[in-house]
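Observations on the model geometry
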Amino acid sequence: MASTWDLLIKGATFFDGSGDLPAVQDVAIREGKVVARGENLPAGHAEAVVEASGQWLMPGLLDIHTHLDLEVDVEPALPEVVRHGTTTVVVGNCSLGTSFGSQKTGDQEPIVDCFTRVENIPKAVLRKVSEKITWDNTGDYMDHFADLPLGPNIATFVPHSMLRIEAMGLEASVSRAPTESELVKMETLLETAMQQGYMGLSTDGLPFHYLSNDPNTAKRIPTQFASFKELRRLLKVVRNYDRVWQTTPILENRLTALLYFSLTSGRLFGKPLKTSALSAMEMTAAPKSGRLFLKVARLLNTWLFKGKLHFQALGTNFRVWSDGIVSPLFEEMTATSQLIAREYDDVEGRKALMHDPDWVELFRKEWMHGRTGGDFASWKTRHGFPDSLVIRDAHQLIFDGAPISHWDGESMAQVMERVQRFKSGDETAARSRGEQTAFEEFPAILRDDADFMLHMMRRYDKTFRFYADIANAGNKATLDYLLDDQALPGFNDSGAHITNMAFFDSNLMSLKLAKERDEATVARMVHRLTKEPATVFGLDAGSLAIGARADMVLINPNALDNWEPDQTRVLEHREIFDHKQMVNRPKGIVASVFIKGVLAWANGEAQEALGRDTLGEALRAA
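None of the values given here were measured: they were computed from a predicted structure.

Moving on to the overall build of the protein chain. A tally of regular secondary structure across the protein chain gives 23 helices and 23 strands. For the protein chain, the C-alpha atoms occupy an extent of roughly 85 × 60 × 50 Å along the three principal directions. Across the 622 residues that make up the protein chain, the buried fraction comes to 62%. Put simply, 74% of the contacts in the protein chain that link residues at least 6 apart link residues at least 24 apart. If you sum the accessible surface of the protein chain, you get close to 23700 Å²; carbon and sulfur atoms cover 50% of it. Positive and negative side-chain charges in the protein chain, numbering 68 and 84 respectively, have mean positions lying 5 Å apart.

So this is what it looks like as structure tokens:
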């Protein structure tokens, strides 16, 4: 007898993505779609059978905030995504993307210029991406995915910085306001993209997102030069198609940020605008700020404003590594931003700047701002409303790749205390000959951690690594943020900050935190990671209803119990980039991943079809 089904998964604890409690069910797949669900489906009707007793079966997970548009054309399988059970990724976030092609004009390289500092990706890596680009418009961009051996599905925003460049040119986009004809061109391009199935428009308001190429290294990316009027006009197009505005708050001015967020309002603008903003987390330096964002969303979503605003919540601790000063953390300070603006290999240029007395004065002033204890800025810091979110307390900066190996795991404060004792004549403070040599190179007088960091940068440049948990430290409040009605799990930044972050695992950590509470919370979390974001973004994903695409994942729930993401985040050399990247590779949690009914990942390894066959597709909104 010919097989009725291509695949049958038997006996799994089945979470369907609806938020309902799970049931033990069998699921049958034919030609990439779910065709039957129920108890005791006959194994003899299936060509292949997977026994999944004791495992969780759920729709493939969505990652709603990535910058994998930088990787997908270099390695379309996206194995670092699939290994975590993610089968749909959203790209084109933060106003940046490749949907208009390389946009090169003369010596201008917009992709390199915009991405290098915002997403902390070396120019050499970005040029590998740019070399793969064969399209020059949004339609061909969507269509080209059909010709790739794509792993997960891709959905994309129209990136506003790139839209401005397309209509105005790079230089004009950061030096003047658009003309009326340029505004009309932006509206036309955006409308065309909405018709092609783009999810909406992404913008950005973070004040430390700068261009990387001369002569504009002191200027921010193009989206930040847009007026309220420009955004209102463009978002009217998005609103008319019931699509999504992805954005970040304007941190420099809370009233201005509130004004821009009011664009979600149906009361003020005729129809609610779905808005997905960054971000809801328990910030280390400002623990109350995440709750403040959620209160803003709660207000704007009431009948009074008729908004549709949510903030993306990170499902794990926000641990950020730094290579010396090369880090997204330090763009926020003017002095360190000037160092980052130097070309990656310009060691001598950075050293010269760090020995300039005016620069040193500025660095010390910014490093100690709000930390001296005797001024209003320090008062605000103590009460959770600091002027700067940069972690500068040496107790919270932990070596992980130090010039002296046994510093690893120690805070800078611990090492600094031994240096100070050594400089005071206590030779026993140095625990090894290597440490003694390092201590001897420090200045005779080490006043504070500003002096300590200045010496480290001068002496070691980018060759020492450290990390700080800038949010969700200890994951004490993470689950509550993930479950808040005004939030949505996301902000993983997968594929960006390649030596600084590794949040591919954030969805799995969200499931772990839910499991620690109860099964009902797991069911709700599965909904929040699958069907709910798919509905918000208008995507045909996140469901295993009859007739749905068979994108699904089997999870070993017991493997979640003793896993901590910090144990499996590693810096690995990746041949596709010829560069190291932070990745996260937990073992045993994700048992199997199926994309369109095809086994893509199992037993901790990519399967033959992943990278060979086209499994995923470009998902078009609505």
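After presenting the structure, the write-up continues.
Moving on, we get to a nonpolar patch on the surface. Together, Leu 299, Trp 303 and Leu 304 line one region of the surface with nonpolar side chains, adding up to about 360 Å² of accessible area. Within the fold, Trp 303 resides in the loop between helix H11 (289-300) and strand E13 (308-313).

Right, let's talk about the sheet that holds strand E11 (residues 244-247) for a bit. The strand order across the open sheet built from six strands is E9-E10-E11-E12-E13-E17, with neighbouring strands paired in parallel fashion. Every other strand in the sheet has two partners, leaving strand E9 (158-159) and strand E17 (487-489) as the edge strands with one partner each. Across six bridges, the pairing between strand E12 (residues 274-280) and E13 is parallel. Bridged to Ser 276 within E13 is His 310.

Below, the discussion takes up the environment of Ser 175. Along the polypeptide, Ser 175 turns up in the loop between helix H6 (170-173) and helix H7 (180-196). Taking the C-alpha atoms as reference points, Ser 175 and Asn 216, 41 residues apart in sequence, are found 9.7 Å from one another. Within the local environment of Ser 175, its side chain forms a polar contact with the backbone oxygen of Glu 171, the two atoms lying 2.7 Å apart.

With that settled, consider the nonpolar core. Residues Phe 145, Ile 154, Val 158, Leu 190, Leu 201 and Leu 235 are the most contacted members of the largest nonpolar core, which totals 62 residues. Residue contributions to this core peak at six residues, all from helix H8 (residues 228-240). In contact with Val 158, not counting residues within four places along its chain, are Phe 100, Leu 163, Leu 190, Ala 193, Met 194, Tyr 198, Gly 200, Leu 201 and Ser 202. If you look at the next biggest cluster of nonpolar residues, it comprises 57 residues, including Leu 397, Ile 404, Ala 430 and Phe 464.

With respect to the helices, strands and loops of the structure, Arg 528 is situated in helix H21 (residues 519-529). Here Leu 482 takes part through its backbone oxygen, which lies 2.6 Å from a polar atom of the side chain of Arg 528. Engagement of the side chain of Arg 528 in a polar contact is seen with the backbone oxygen of Ala 487, the distance being 2.6 Å. Setting aside residues no more than four positions away along its own chain, Arg 528 makes contact with Leu 482, Leu 483, Asp 484, Asp 485, Ala 487, Leu 488, Pro 489 and Pro 533.

As a further point, take the pairing of E13. Among the six residues in E13, five count as buried, and that is most of the element. Two strands pair when backbone bridges link them, and E13 and E17 are joined in this way by three bridges, in the parallel orientation. Bridge pairing in E17 places Ala 313 opposite Pro 489.

Moving on, we come to the sheet that holds strand E14 (residues 318-323). Spatial strand order, E14-E16-E15: three strands in an open sheet with antiparallel pairing. Two strands in the sheet have a free side with no partner beyond their single neighbour: E14 and strand E15 (398-399).

Note on placement: Glu 331 falls in the loop between E14 and helix H12 (334-340). Taking the relative accessible area as the measure of exposure, Glu 331 reaches 2% and is therefore buried. Among the polar contacts made by the side chain of Glu 331, one reaches the side chain of Arg 117 at a distance of 2.9 Å. In this structure the side chain of Glu 331 is engaged in a polar contact, spanning 3.0 Å, whose partner is the side chain of Ser 337. What Glu 331 contacts, discounting residues up to four positions off in sequence, is Arg 117, Phe 208, Tyr 210, Ser 337 and Ile 340.

Residues in a regular strand project their side chains so that they alternate between the two faces of the sheet. In the sheet, strand E19 (residues 569-574) pairs with strand E20 (residues 579-584) via six bridges, with the strands oriented antiparallel. Residue pairing for E20: Arg 569 is matched across the bridge by Asn 584. Hairpin connection from E19 to E20: four residues lie between these consecutive antiparallel strands, with Asp 578 at a positive phi of about 50°.

Let us now look at the packing of aromatic side chains. Considering all chains together, one arrives at 21 aromatic pairs under this definition. For the pair Phe 363 and Trp 367, a centre-to-centre distance of 5.5 Å together with 35° between the ring planes defines the contact as tilted. Of the two residues, Phe 363 and Trp 367 are both situated in helix H14 (residues 357-368); the distance of four residues between them amounts to about one turn of the helix. Both residues of the pair, Phe 363 and Trp 367, belong to the buried class. For the pair Trp 407 and Phe 439, a centre-to-centre distance of 6.3 Å together with 20° between the ring planes defines the contact as stacked. Of this pair, Trp 407 sits in the loop between E15 and helix H16 (412-423) while Phe 439 sits in helix H17 (residues 433-441), placing them 32 residues apart in sequence. Of the two residues, Trp 407 and Phe 439, neither departs from the other in class, the shared state being buried. Taken together through their ring pairs, the aromatic side chains of Phe 330, Trp 359, Phe 363, Trp 367, Tyr 460, Phe 464 and Phe 466 make up a single cluster. A cation over an aromatic ring shows up here: Arg 291 above the ring of Tyr 481, its NZ or CZ 4.1 Å from the ring centre.

Next up on the list: the pattern of salt bridges. Inspection of every chain in the model, using the stated rule, returns 45 salt bridges. A salt bridge links Lys 10 to Asp 26, with the nearest nitrogen and oxygen atoms 2.9 Å apart. Placement of Lys 10 in strand E1 (residues 5-14) and of Asp 26 in strand E2 (residues 23-30) is noted, with a sequence separation of 16 residues between them. The two residues Lys 10 and Asp 26 agree in class, both being buried. Measuring nitrogen to oxygen at the nearest pair gives 2.8 Å for the salt bridge that ties Arg 459 to Glu 441. One end of the pair, Arg 459, is in helix H18 (residues 449-460); the other, Glu 441, is in helix H17, and 18 residues separate them in sequence.

Residues Asp 214 and Pro 215 are joined by a peptide bond in cis, for which omega reads 5°. Positionally, Pro 215 belongs in the loop between strand E10 (200-202) and H8. Ser 279 follows Leu 278 through a cis peptide bond whose omega is -15°. When you line up the elements, Ser 279 lands in strand E12. Backbone geometry places Lys 306, a non-glycine residue, at a positive phi of 55°. Mapped onto the elements of the fold, Lys 306 is located in the loop between H11 and E13. Positive phi outside glycine occurs at His 497, with the angle close to 45°. Relative to the helices and strands, His 497 resides in the loop between E17 and helix H20 (506-515). We classify His 497 as buried; its relative accessible area is 4%.

About the thresholds
Residues numbered from 1 in each chain as written. Predicted model: local features only at pLDDT ≥ 70, side-chain atom pairs only at ≥ 80, totals over all residues. Heavy atoms only, no water. Helix = DSSP H or I, 4+ residues; strand = E, 2+ residues; numbered from the N terminus. Buried < 20%, exposed > 50% of the residue type's maximum accessible area, 1.4 Å probe, protein only. Contact = heavy atoms within 4.5 Å. Areas by Shrake-Rupley, 256 points an atom, 1.4 Å probe, with all protein chains shown as cover. Lys, Arg positive; Asp, Glu negative; His and termini not counted. Charge placed at Lys NZ, Arg CZ, Asp CG, Glu CD. Patch = residues over 30% accessible without salt bridge, like charges linked within 9 Å, V, L, I, M, F, W, Y side chains within 5 Å. Salt bridge = Lys/Arg side-chain N within 4 Å of Asp/Glu carboxyl O. Pairing = 2+ DSSP bridges. Polar contact = N/O pair within 3.5 Å; in protein donor to acceptor, adjacent residues only side chain to side chain. Core = buried A, V, L, I, M, F, W, Y, C linked by side-chain atoms within 4.5 Å. Phe/Tyr/Trp six-rings, centres within 6.5 Å; stacked < 30°, edge-to-face > 60°. Lys NZ or Arg CZ within 6 Å of the ring centre and 35° of its normal.

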